[in-house]
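Descriptive analysis of the structure
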Amino acid sequence: MTGTGAVRTGRPGALARLPGWVPPLVADAALAAALFLLTLGPGRVADGRGFALQSALVLPLVWRRRAPRSVFGVIAAAALVQWLLGVQLPADAALLVALGTVTARAPYRSAWAAGLVAAAGAVLAAARWAPEGRFLASGAAMAAAVAASALLGANTRVRRAARAQRLARLERDRDERERRAVEEERARIARELHDSVTHGLSVVVALADALGHARPADACAVTARIAETGRQALGDMRRALGLLQDAGPDAGTDAGSGAGSGGERRSPPGIGQLGALCARMEAAGLVTRLRVDGEAAGVPAAAQLTVHRLVQESLTNVLRHAPQGTRAEVRVSCAPGAVTVEVTDDGRAAGTGRPGSAGAGLGLTGMRERAAAFGGVLEAGPRPGDGWRVFVRLDPGGAS
């Protein structure tokens, strides 16, 4: 059945290679015109009656996709009139085209009904026009043509349904990816807010406590430190909240480049800012020693931000939970393909309210998620004797 293949403009085939922008009505009109001309010729249409029957059989194909059942009914009626008048025309092939369209597009009941009508027509045509003694052979050939037309239409229906299922599955997968991306972005923003706000407030609280015991000559310096820490925490919070307002595709890459407290664009903190971080912790009363080995310039900015946040959260936990007089040590080692971070302190490991090594709590949970984003596994727990240790090895080239 050439008609069914001609309208699938997106499929391979001689007539199916029509441009995708050709309207279906135009494509069907071209099919009807081609079939009309191919079945019209000397000896095929003898008179005006034959020409009228030829037109009645072929021209309804123009609307075959708009009204497949009606078109099949009109063509079947024309074929019945042709049979009653005893006029044999090659244009009967239009009935096969209409049958394939009904099978491909109409409900199953209509498709079965159309198939039975076409089969009955094949039997009647063989009974009237088959050569003497060739009724069975002619009937079988016509029935095979009817079955092939119906099967081609059914195959088109199945492929269309499979294509619709694939598209629906792709849309579901896309929605699921977008949902996961939103959830990951929310979790990342929550980590940023937790790290920056918790760190800033912990330092401010420690400085405020120290202010009550400071000498008048040192009070101004402590107050300045409080203001500086508050401004830095406010800037970090603005950068994190700025992610919520960034609707562009690069929202994830601007995590630390939002406006600072003065509205200017600022780069995200990295390994180079660990010295300033340790200085703030010193001012808050936590003696901190920093050691950086290797070249930090080769570490990507995203990995440097992770290192900075891991150290910041670790030192904040020491400041909040360790007893006064605790000393902390930060070691960062930058090697090709790996960055290791170790934060230790000599404070008491038990009875001080430290979070457990299982990582219950937003702080350690966020640290583990940051480490996992670069293929690292965070180790956090008490040291032998007194103190606490946080260790992680990152793979900057394996970011997920």
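Residues numbered from 1 in each chain as written. Predicted model: local features only at pLDDT ≥ 70, side-chain atom pairs only at ≥ 80, totals over all residues. Heavy atoms only, no water.

Description of the confidence of the model for the protein
- Mean pLDDT over the protein stands at 78; residues scoring 70 or higher make up 76%.
- This stretch, residues 1–19, has a pLDDT under 50; its non-local contacts, to residues over four places away or in other chains, come to 34 contacts.
- Every residue in residues 356–360 is under pLDDT 50, and counting partners more than four places away or in other chains gives 11 contacts. (pLDDT = per-residue confidence, 0-100. Contact = heavy atoms within 4.5 Å.)

Considering the pattern of salt bridges
- All told, the structure shown has 11 salt bridges when counted by the stated rule.
- Across the pair Glu176 and Arg179 runs a salt bridge whose closest N-O atoms are separated by 2.3 Å. Residue Glu176 and its partner Arg179 are located together in helix H7 (residues 135–213), separated by three residues, close to a single helical turn.
- Of the residues examined, Glu176 reaches a relative accessible area of 29% and is grouped as partly exposed.
- Of the residues examined, Arg179 reaches a relative accessible area of 38% and is grouped as partly exposed.
- Of the charged contacts in the structure, one is a salt bridge between Arg331 and Glu342, with a shortest N-O distance of 3.4 Å. You can see Arg331 sitting in strand S2 (residues 327–335) and its partner Glu342 sitting in strand S3 (residues 338–345), a full 11 residues away along the chain. (Salt bridge = Lys/Arg side-chain N within 4 Å of Asp/Glu carboxyl O. Helix = DSSP H or I, 4+ residues; strand = E, 2+ residues; numbered from the N terminus. Buried < 20%, exposed > 50% of the residue type's maximum accessible area, 1.4 Å probe, protein only.)

With respect to the sheet that holds S3
- In space, the five strands of this open sheet follow the order S1-S2-S3-S5-S4, with mixed pairing throughout. Because the sheet does not close on itself, it has two edges, and the strands there are strand S1 (287–293) and strand S4 (379–382). Sheet twist, expressed as the average angle between the axes of neighbouring strands with direction ignored, equals 10 degrees.
- Set on the sheet, helix H9 (residues 274–283) makes contact with S1 and S2; between it and S1 the angle comes to about 170 degrees.
- Across the sheet, helix H10 (residues 301–321) touches S1, S2, S3 and strand S5 (388–394), and the angle it forms with S3 is around 10 degrees. (Pairing = 2+ DSSP bridges. Axes fitted to C-alpha atoms, helices over the stretch in contact; angles between N-to-C directions.)

Description of the nonpolar core
- Core analysis: the largest hydrophobic core is formed by 36 residues, its most contacted members being Ile271, Val307, Val311, Leu315 and Val332.
- Put simply, the parts of the chain that give this core at least two residues each are H7, H9, H10, S2, S3, helix H11 (362–372) and S5.
- Top contributing element to this core by residue count: H10, with seven residues.
- Residues within four places of Leu315 in sequence aside, it is in contact with Leu277, Cys278, Met281, Leu286, Thr288, Ala328, Val330 and Val343.
- Counting 29 residues, the second largest nonpolar core, distinct from the first, contains Ile75, Ala91, Ala106 and Val146. (Core = buried A, V, L, I, M, F, W, Y, C linked by side-chain atoms within 4.5 Å.)

Some points on helix H4 (residues 68–85)
- The terminal C-alpha atoms of H4, which comprises 18 residues, lie 26 Å apart, in line with the 26 Å expected from a rise of 1.5 Å per residue.
- By the burial criterion, the buried members of H4 are Pro68, Val71, Phe72, Ile75, Ala76, Ala78, Ala79 and Gln82. With its buried residues spanning 160 degrees around the axis, H4 presents them on a single face. Among the exposed residues of H4, those oriented more than 90 degrees off its buried face are Arg69 and Leu84.
- Its buried side turned inward, H4 meets helix H3 (48–58), helix H5 (93–105) and helix H6 (108–129).
- A positive backbone phi angle near 75 degrees is found at Gly86, which sits one or two residues after H4. (Expected span 1.5 Å × (residues − 1). Arc of directions from axis to C-beta.)

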